[in-house]
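Here is what each chain is made of, one letter per residue.
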Amino acid sequence: MPADQPGRVLLADPRGYCAGVDRAVIAVEKALEIHGAPVYVRKQIVHNKHVVATLERRGAVFVEETDEVPEGAVVVFSAHGVSPAVHEQAAARQLRTIDATCPLVTKVHKEAKRFAADDYDILLIGHRGHEEVEGTMGEAPERTQLVDGAEDVANVQVRDPEKVVWLSQTTLSVDETLATVDQLKGRFPGLQAPPSDDICYATQNRQQAVKQMAGECDLVLVVGSTNSSNSVRLVEVALEAGARASYLVDYASEVDEAWLEGVSTVGVTSGASVPEILVSELLDWLAQRGYPDVETVKAAEERLVFALPQELKQRRQALAVDTSATD
Ligand code: SF4
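As the structure is a prediction and not an experimental result, all values here were calculated from the model.

Student: Account for the UniProt feature "binding site: dimethylallyl diphosphate" (unreviewed entry) in the protein chain, naming residues and giving values.
Tutor: Look at the UniProt record and you will see "binding site: dimethylallyl diphosphate" (unreviewed entry) annotated at His47, His80, His130, Ser228, Ser229, Asn230 and Ser273. For the largest cavity, the lining residues among the annotations just cited are His47, His80, His130, Ser228, Ser229, Asn230 and Ser273. Relative to the helices and strands, histidine 47 is located in the loop between β2 (39-42) and α2 (49-58). Beyond its immediate chain neighbours, meaning those up to four positions away, histidine 47 contacts His80, His130, Glu131, Ser225, Asn227, Ser228 and Ser273. There is a polar contact of 3.2 Å between the side chain of histidine 47 and the side chain of glutamate 131. Here serine 273 is to be found in the loop between β11 (265-270) and α9 (276-287). On the basis of relative accessible area, serine 273 is assigned to the buried category, the value being 3%. In this view, serine 273 contacts Tyr17, Val21, Val46, His47, Asn48, Val51 and Ser228; residues no more than four positions away in its chain are not counted. Among the polar contacts listed, one links the side chain of serine 273 to the backbone oxygen of histidine 47, at a separation of 3.2 Å.

Pasting the structure below:
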């Protein structure tokens, strides 16, 4: 609670849903509309507790692997992407797949395939065990090495230091990744960069907005789930950029009131997989505790929208034809 006068909130813009998450969530909703429940989803469609629980209530069934899906059923692949081996497993079980991989993840898969075909060693900067990393590595497993932070740099071995390229997970910290690239260049001066940024526009913009406001904030609250890479990065970026404290919460109810002691300015943002309703609830919660004034801190304009997965478009067209035939 602020001491004597009302506290203020700095609200990051952009925040919340990116184009890839929006598309993936709509893909599951449309699949339920078209095929009826249950629709199976391999892994969490996006890394957000609230989104997953909401879709579960509508009839989505989340599984870890395709062998948990009944033969012939509909399965959606998550925004994080899958390796070619997963596509093969799904085909072997005659699953009807809807691929909601974010097009910006697909772009990295294509880069991995192309560099592997040109016989490069690929150094993939990313977090060990993250689904996106597993999917991208699966495109060229024999040519790709994971570099999970600075401590992995010393272990990298390449066949030809003149034929080595770095790629990255889409949701990393921009600054940390550049530091890792610098270290890799120290070992391999001929290291090539990806043809365009692998860290996606949404990750970069959300980090930029937090950087702009963090220096003025006693506390930065990031709405997001603990398994959401880009949300966790926002907490780290806030602290590095000068916020006195920063926490990740799924819901307003998780905020500890003790965090507000002596705090006059609270920064608020949300990860790329977080629906705006959760931010609105947090702003209401803060207003009730002495932080009624909200100022937006704008870092970028976002207008990107992705078309729905091809499989849904085809199915919707087929339904439209059927309907017109009976008119
Ligand atoms: S965070 Fe970036 S890569 Fe991930 S779904 Fe969103 S736009 Fe795509």
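Student: An account of the nonpolar core is needed here, citing residue identities and associated values.
Tutor: In terms of nonpolar packing, the biggest core is built from 27 residues, with Val28, Val41, Ile45, Val46, Leu55, Phe62 and Val76 touching the most fellow members. Those elements that provide at least two residues to this core are α1 (19-35), β2, α2, β3 (60-63) and β4 (74-77). The leading source of residues in this core is α1, at eight residues. Other than its neighbours up to four places away in sequence, valine 41 contacts Val28, Ala60, Val61, Phe62, Val63, Val75 and Val76. With 20 residues, the next largest nonpolar core counts Val223, Ala252, Leu260 and Tyr291 among its residues.

Student: Lay out the domain arrangement of the protein chain with the relevant residues and their values.
Tutor: Its domain assignment divides the protein chain into domain 1 (8-17 + 201-298), domain 2 (20-102) and domain 3 (104-187). When each unit is reduced to the centre of its C-alpha atoms, the spacing between domain 1 and domain 2 is 30 Å. Contacts between domain 1 and domain 2 engage 13 residues on the former and ten residues on the latter. In this assembly, domain 1 packs against domain 2 so that about 950 Å² is buried in total across both faces, 51% of it on carbon and sulfur atoms.

Student: An account of the packing of aromatic side chains is needed here, citing residue identities and associated values.
Tutor: Throughout the structure, instances matching the rule amount to two aromatic pairs. For the ring pair phenylalanine 115 and tyrosine 120, a centre distance of 5.2 Å and an interplane angle of 75 degrees mean the geometry is edge-to-face. Taken as a pair, phenylalanine 115 and tyrosine 120 share a single burial class, namely buried. Aromatic side chains tyrosine 247 and tryptophan 259 sit 3.7 Å apart centroid to centroid with 5 degrees between the ring planes, which places their arrangement in the stacked category.

Thresholds, definitions, all that
Throughout this description, residue numbers start from 1 for each chain and increase along the sequence as written. In keeping with the predicted nature of the model, local features appear solely for residues at pLDDT of at least 70, side-chain atom pairs appear and are counted solely at 80 or more, and the whole-chain, interface and lining totals rest on all residues. Calculated side-chain values reflect all of the structure's heavy atoms, with hydrogen atoms and water omitted. UniProt positions are given in the numbering used here, feature names are shortened, and annotations may be inferred rather than shown by experiment. Only protein atoms enter the 1 Å grid, on which a cavity is a set of points fitting a 1.4 Å probe that cannot get out and a pocket is an open set with protein on both sides within 12 Å along at least 5 of 7 lines, lining residues being those with an atom within 4 Å of a point. Secondary structure is summarised from DSSP: a helix means a run of H or I of at least four residues, a strand means a run of E of at least two, and numbering begins at the N terminus for each. Whether two residues are in contact is decided by their heavy atoms: any pair within 4.5 Å suffices. Throughout this description, a polar contact denotes any pair of N or O atoms lying within 3.5 Å of each other; where both atoms belong to protein, one of them has to be capable of donating a hydrogen while the other can accept it, and for residues adjacent in sequence the pair is counted only when both atoms sit in side chains. Think of it in three bands: with a 1.4 Å probe and only protein chains considered, a residue is buried below 20% of the maximum accessible area for its type, exposed above 50%, and partly exposed in between. The term nonpolar core refers to a set of buried residues drawn from Ala, Val, Leu, Ile, Met, Phe, Trp, Tyr and Cys, joined through side-chain atoms within 4.5 Å. Domain start and stop points were drawn from an automatic or database domain assignment. Buried surface area refers to the total accessible area, computed with a probe of radius 1.4 Å, that the two partners give up upon joining, counted for both partners together. Stacked, tilted and edge-to-face pairs are distinguished by plane angle, under 30 degrees for stacked and over 60 for edge-to-face with tilted covering the rest, among Phe, Tyr and Trp rings (Trp via its six-membered ring) whose centres lie within 6.5 Å.

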